[in-house]
Amino acid sequence: MKKIRIGTRKSRLACIQAEMLADYIEGYCKGYQAELVKVVTTGDRILSKRLDEIGQKGLFVKELDAFLMKGQTDLSVHSLKDMPTEIAPELPVIGYSRREDARDVLVLPKGKTAYDYRAPIGCSSNRRRLQLKEIYPDAEVKSIRGNVLTRLEKLDGGEYGALVLAAAGLIRLGLASRINRFFSVEEMVPAAGQGILCIQGRSGGDYGFLSGFFDEEAGECAAAERAYMSYLNGGCSVPIGAYAEILDEKRMQIRGLYYSEERGAYGKRCVSGERRQAEELGVMLAKELKRQVDFAE
């Protein structure tokens, strides 16, 4: 029996996501046994600052990369939206999970049915803050850090009047009942990779036994979204986003949000094209949207 050590962050959501891969290995990969290795990352340790204030990329992956590089783990499971656009060639992404619901959602305190504006909306992302100004222009938006369960405790304790979270995380935690409103991808463009799990391994490794876990459509969407982000040099603290969808057997579309710090302006745009040219489509959208915002009169 070969043991596969899976590196994961320590949060309950991260462990559930890693357990999805572990369950696949235990159930479908004869001769393999899975074990979770829980790691505390920089982003988990520093909770007193917003992510953009910490000023580093890869806040939730660096320590996991170190474990993988040193052979202390065999695989890492990440939320794709946490992955930096540049990845060490020694630690390639070997596949992507099926995508869960990629939308952002509004969560209210228990017993509430509408946001009443008496307390701020808790939001950890500049991307979400930017788009919330259009949806709730009169609301105060206050930064919030910590894992999903910690944030829900703060919400129910009265510190916040609402939260904006990823639907995927709440669904995987079994907390879909806490969702009060789904934001459409048109009104709130998701983070690139939101809802997709990214599996990272070591260069030269044989990971053929995981082929049944990986999802082709999610991989194509990930390629388009990450190409978009890479062209714009975007990280998790930059208020830009991207969301790709498969339209049919041959075509896909990708929607983007781009913010220009220099101009203090932003725009949204959607383009469609061939699935086999996913990366090119992402770059095309990035170029068109950047031109639209940077040179608007």
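Because the structure is predicted, anything quoted here is derived from the model rather than measured.

Asks: Honestly, the sheet that holds strand E1 (residues 2–9) in this entry has me stumped. Any pointers?
Replies: The strands making up a sheet are joined through hydrogen bonds of the backbone, oriented either antiparallel or parallel. Strand order in the open sheet formed by five strands is E2-E1-E3-E10-E4, with mixed pairing between adjacent strands. The strands lining the two open edges of the sheet, one partner per strand, are strand E2 (32–39) and strand E4 (93–96). For this sheet the average axis-to-axis angle between neighbouring strands, irrespective of direction, equals 25 degrees. Strand contacts of helix H1 (residues 12–28): E1, E2, strand E3 (75–79) and strand E10 (197–200), with the helix running at about 165 degrees to E2, the strand carrying the most contacts.

Asks: Explanation requested: the sheet that holds strand E5 (residues 104–107) in the structure shown.
Replies: Here we have five strands laid out as an open sheet, ordered E7-E6-E8-E5-E9, and mixed in their pairing. A strand with exactly one partner marks an edge of an open sheet, and here the two such strands are strand E7 (141–142) and strand E9 (179–182). Contacting E5, strand E6 (121–122), E7, strand E8 (162–166) and E9, helix H5 (residues 126–135) crosses the sheet at an angle of about 125 degrees to E8.

Asks: Looking at this structure, how should I read the pattern of salt bridges?
Replies: Working definition: two side chains of opposite charge can pair if their charged atoms are close together. Summed over the entire model, instances satisfying the criterion amount to 19 salt bridges. Across the salt bridge formed by Arg12 and Glu19, the nearest N and O atoms sit 3.7 Å from each other. Exposure remark for Arg12: the relative accessible area of 44% places this residue in the partly exposed category. Asp156 serves as the salt-bridge partner of Arg178, at 2.9 Å between the closest nitrogen and oxygen. Here Asp156 lies in helix H6 (residues 148–156) and Arg178 lies in the loop between helix H7 (167–172) and E9, a separation of 22 residues in the sequence.

Calculation notes
Residues numbered from 1 in each chain as written. Predicted model: local features only at pLDDT ≥ 70, side-chain atom pairs only at ≥ 80, totals over all residues. Heavy atoms only, no water. Pairing = 2+ DSSP bridges. Helix = DSSP H or I, 4+ residues; strand = E, 2+ residues; numbered from the N terminus. Axes fitted to C-alpha atoms, helices over the stretch in contact; angles between N-to-C directions. Contact = heavy atoms within 4.5 Å. Salt bridge = Lys/Arg side-chain N within 4 Å of Asp/Glu carboxyl O. Buried < 20%, exposed > 50% of the residue type's maximum accessible area, 1.4 Å probe, protein only.

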